[in-house]
Amino acid sequence: MKNDKAKQYWRENLKYLLILLTIWFSVSYGAGIIFRSTLDQFYIGGFPLGFWFAQQGAIYVFVLLIFIYVRLMNRLDSKYGFDKD
Amino acid sequence: MTVQLWTYILVGITFALYIGIAIWSRAGSTKEFYVAGGGVSPLANGMATAADWMSAASFISMAGLISFMGYDGAVYLMGWTGGYVLLALLLAPYLRKFGKFTVPDFIGERYYSKTARIVAVLCALLVSFTYVAGQMRGVGVVFSRFLEVDINTGVIIGMIIVLFYAVLGGMKGITYTQVAQYCVLIFAFMVPAIFISIQMTGNPIPQLGMGAKGADGVYLLEKLNGLSTELGFAEYTKGSKSMIDVFAITFALMVGTAGLPHVIVRFFTVKRVRDARKSAGLALLFIAILYTAAPAVAVFARTNLINTVSGQPYSSMPQWFSNWEKTGLLKFNDKNEDGLIQYVADAQLNELVVDRDIMVLANPEIANLPAWVIALVAAGGLAAALSTAAGLLLVISSSVSHDLIKNVFNPKITEKQELVAARLSAVGAVCVAGYFGINPPGFVAAVVALAFGLAAASFFPAIILGIFYKKMNKEGAIAGMVVGISLMLFYMLKFKFGIFDGGKAAVAGLKSDWWFGISPEGFGTIAMLVNFAVSLIVNRFTGEVPEEVQEIVENIRIPSGAGEATH
């Protein structure tokens, strides 16, 4: 019983990781590097968009991702009763 | 008051603060020495991690490098921040739950093998020593420019300060001085950035100012692109590296960040698993403040520099120009003897050589900011260099006293003796670091960047597989680490130092032989993939993982019951 719970917890955790790391990859390697030239045709303010992702946007998203992860995991911990010390 | 007087005052105050904190937070046990007692709050740990992480390279060199690289500077910006996402999601919580003192501790126990532990210790020492030598040098450079003492004297003063709080306070002393150092360095970086942003764009937030219009109504980036192409440089927002190389370097830096022992060990100092996650987020937030401002500083500095010097008569240059000429970091050679400064991309015609390191240090002077701001930059540079040096020294001393002496050579050592051993190895490590700071081997600067490749090629796969793949055995992990780090060293020696082709002079000619067109800086990505592949293949053909080790893995995946870090 306890083992099942742990397995399920782990599976949900892996699902979160997959989603968050996909976003992590898309903003940095996707928007900032691979599709940079295409995105550079668009502008926000004086920034070409691809350049903005590479030097600003990706970093903001990184910070957000960790805080979203913290929230998701805290919720997951209490759902499975793993939030006790 | 003069700049120099201000510098003495500000540096003096900050040093007194660091020493005061060291005396207040002396370490009484090995646990306090290695992991600050394990009760650091996520906020304090976030700041300490940020200071630990942001070295002299981040503070002094990065914005300058970017200002010459344009778009390509993104490899540092994304590479040195994106690694924290990996740390927070894939490493920190599990390593905290594991609850030991060092990275080799984890490798040694997870792979139930003394050999694995020793391999890990050697990798940790290699990575940390190359890294720390560069920091001591940074301390020396700041001292020599701003306090006008000899570089060597500067290194020795820096050594004494670090020695004082690292040896006395261990991780506990280091943690709380790093909190103070973070405050000093972020203030010192942001104040000039804000001043200059207002000056050039009217917007007080540098991150926005970078994309705003200048006084003439033209977007700053557009203007800089124009100036750059006019002088024959690549367009600023385009860069000149190949896409695959940008990809590889960014990836190597990210993965390397997540594999650096002095960063990982910071997450052993918090109380619970959830604190480890949260402090990774806070650390990145604190780091991101500087890392999103740095590219703005790069744009401001580059524009200012070109506007001030390009095509202007040498005789009308302001005071800062001759100040920096004296240090040799700025060189003017009037090739066509017209008395004007030709600053262009073509090496035949170019008359001005600018060292990248002076862009941040000289920026406040170029922008005519008040003396106290210039002095502040010196104090900030010192805080950045000292905090990183201290964190690295702790990894070195705990590798020796805990991983080698306590766990390999003499397991019977008492707690008290181990603490003495830890302090003595810290003293030894400071002296070695100081020696390299005073007599820098020519390759220090190059190797600092490559330390990430080494960390990526050795630790990252072993730790990830150790957590996410229960059936990973010791044979696979050891083979992976050894092959990964050897391959990285080989590539470095061949393509960075030209060892096999007749020395440094041959390096430029070897560029066309790069594997897949990837530079030595980005090769950590390939070496890491090879490590993963070797680990998995060897694992396939060798022994089973013992039952109790599989249980350890199951246990670290669950956050509750983290307890405290123990032997």
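Cut-offs used in this document
Residues numbered from 1 in each chain as written. Chains lettered and ligands numbered in written order. Predicted model: local features only at pLDDT ≥ 70, side-chain atom pairs only at ≥ 80, totals over all residues. Heavy atoms only, no water. Helix = DSSP H or I, 4+ residues; strand = E, 2+ residues; numbered from the N terminus. Rg over C-alpha atoms; globule rule 2.2 N^0.38 Å. Buried < 20%, exposed > 50% of the residue type's maximum accessible area, 1.4 Å probe, protein only. pLDDT = per-residue confidence, 0-100. Contact = heavy atoms within 4.5 Å. Axes fitted to C-alpha atoms, helices over the stretch in contact; angles between N-to-C directions. Left-handed = near helix turned anticlockwise from the far one by under 90°. Nonpolar A, V, L, I, M, F, W, Y, C, P; charged D, E, K, R; others polar. Phe/Tyr/Trp six-rings, centres within 6.5 Å; stacked < 30°, edge-to-face > 60°. Lys NZ or Arg CZ within 6 Å of the ring centre and 35° of its normal. Salt bridge = Lys/Arg side-chain N within 4 Å of Asp/Glu carboxyl O. Arc of directions from axis to C-beta. Buried area = accessible area lost by both parts, 1.4 Å probe. Polar contact = N/O pair within 3.5 Å; in protein donor to acceptor, adjacent residues only side chain to side chain.

Help me out: how do you make sense of the overall build of chain A in this one?
Looking only at helices and strands, chain A has three helices and two strands in total. Taken from N to C terminus, the helices and strands of chain A fall in the order α-α-β-β-α. Taking 12 Å as the expected radius of gyration for a compact globule of 85 residues, we find that chain A reaches 18 Å, considerably beyond that expectation. Its C-alpha atoms put chain A at 55 × 20 × 15 Å along the principal axes. Looking at the 85 residues of chain A, the share that counts as buried comes to 54%.

Got a minute to help me understand the confidence of the model for chain A in this structure?
In low-pLDDT regions, the fine details of the predicted coordinates are not to be read closely. On average, residues of chain A score 92 in pLDDT, and 96% of them reach the 70 mark or higher. The secondary structure element of chain A with the lowest average pLDDT is strand β1 (residues 43-44) of chain A, at 91, and the one with the highest is helix α3 (residues 49-79) of chain A, at 95.

Would you mind showing me how to read the environment of Ala-462 of chain B here?
Residues and elements named next belong to chain B. Topologically, Ala-462 is positioned in helix α18 (residues 444-468). The class of Ala-462 is buried, set by a relative accessible area of 4%. Each C-alpha atom, one on Ala-462 and one on Phe-59, is 31 Å from the other, the two residues being 403 residues apart in sequence. Not counting chain neighbours up to four residues away, the residues in contact with Ala-462 comprise Ile-107, Tyr-111 and Met-481.

Honestly, the packing of helix α8 (residues 151-201) of chain B against helix α16 (residues 371-409) of chain B in this entry has me stumped. Any pointers?
Helix-helix packing is characterised by the crossing angle of the two axes and by the distance between the axes. Residues and elements named next belong to chain B. One can describe the packing of α8 onto α16 by two numbers: an axis separation of 6 Å at closest approach and a directional angle of 145°. α8 and α16 meet at a crossing whose hand is left-handed. Tallied by class, residues from the contact of α8 with α16 come to 23 nonpolar, seven polar and no charged.

Got a minute to help me understand the packing of aromatic side chains in this structure?
Given two aromatic rings, one states the distance between the centres and the angle between the planes to describe the pair. All told, the structure shown has 40 aromatic pairs over all chains when counted by the stated rule. Between Trp-10 of chain A and Phe-468 of chain B, the aromatic rings sit 5.4 Å apart at their centres with planes inclined by 35°, giving tilted as the arrangement. Separated into two different chains, Trp-10 of chain A in helix α1 (residues 2-34) and Phe-468 of chain B in helix α18 make up a pair that spans both. Using a relative accessible area of 10% as the deciding quantity, one classes Trp-10 of chain A as buried. Centroid distance Tyr-314 of chain B to Phe-332 of chain B: 4.6 Å. Interplanar angle 20°. Geometry classified as stacked. In this pair, Tyr-314 of chain B is assigned in the loop between α13 (273-309) and α14 (319-327) and Phe-332 of chain B in strand β1 (residues 330-332), connecting sequence segments 18 residues apart. On the accessibility criterion, Phe-332 of chain B (18% relative accessible area) is buried. Over the aromatic face of Tyr-219 of chain B sits the side chain of Lys-213 of chain B, whose NZ or CZ is 5.1 Å from the ring centroid. For Arg-540 of chain B, the ring lying beneath its charged end belongs to Phe-541 of chain B, and the centroid distance is 6.0 Å.

So what exactly am I meant to see when it comes to the pattern of salt bridges here?
Once the charged atoms of two side chains with opposite charge are near each other, the side chains can pair. Residue and element names in this part refer to chain B. The full count for this structure, using the stated rule, is 12 salt bridges over all chains. Taking the shortest distance from any N to any O, the salt bridge between Lys-496 and Glu-521 comes out at 2.4 Å. Of this pair, Lys-496 sits in the loop between α19 (474-495) and α20 (523-541) while Glu-521 sits in the loop between α19 and α20, placing them 25 residues apart in sequence. With a relative accessible area of 21%, Glu-521 lands in the partly exposed category. Salt bridges linked by common partners bring Asp-105, Arg-117 and Asp-403 together as one network.

Would you take a moment to explain helix α10 (residues 220-230) of chain B for this structure?
Because an α-helix packs 3.6 residues into every turn, residues spaced three or four apart end up facing the same way. Within the sequence span of α10 of chain B, burial applies to Leu-220, Leu-221, Leu-224, Asn-225, Leu-227 and Ser-228 of chain B. Relative to the axis of α10 of chain B, the buried residues are bounded by an arc of 165° and lie together on one face. Pointing more than 90 degrees away from the buried face of α10 of chain B are the exposed residues Glu-222 and Glu-230 of chain B. On its buried face, α10 of chain B sits against β2 (47-48) and α3 of chain A together with α8, α9 (206-209) and α13 of chain B. Once α10 of chain B finishes, Gly-232 of chain B follows within two positions and takes phi at roughly 95°, a positive value.

Whenever I open this one, the confidence of the model for chain B confuses me. Can you help?
Residues and elements named next belong to chain B. Chain-level pLDDT for chain B is 87 on average; 98% of the residues reach the 70-or-more range. Averaged pLDDT values over the elements of chain B bottom out at 80 in α14 and peak at 95 in α20. Interface confidence for the predicted complex, given as ipTM, is 0.95, next to a pTM of 0.91.

Sorry if this is basic, but what is going on with the interface of chain A and chain B here?
Put simply, an interface is often sized by how much accessible area is lost when its parts join up. On the chain B side, the residues contacting the 43 residues of chain A number 52 residues. In total, about 4200 Å² of surface goes out of reach between chain A and chain B, with carbon and sulfur atoms giving 72% of it. The largest share of the area that chain A buries against chain B comes from Trp-10, Gln-55 and Ile-66 of chain A, three residues that together contribute 15% of it. Run the count over chain A and chain B and you get one salt bridge. The residue Arg-277 of chain B makes a salt bridge to Asp-77 of chain A at a minimum N-O spacing of 3.0 Å. Between chain A and chain B we count 11 residue pairs in polar contact (both at pLDDT 80 or more) in total.

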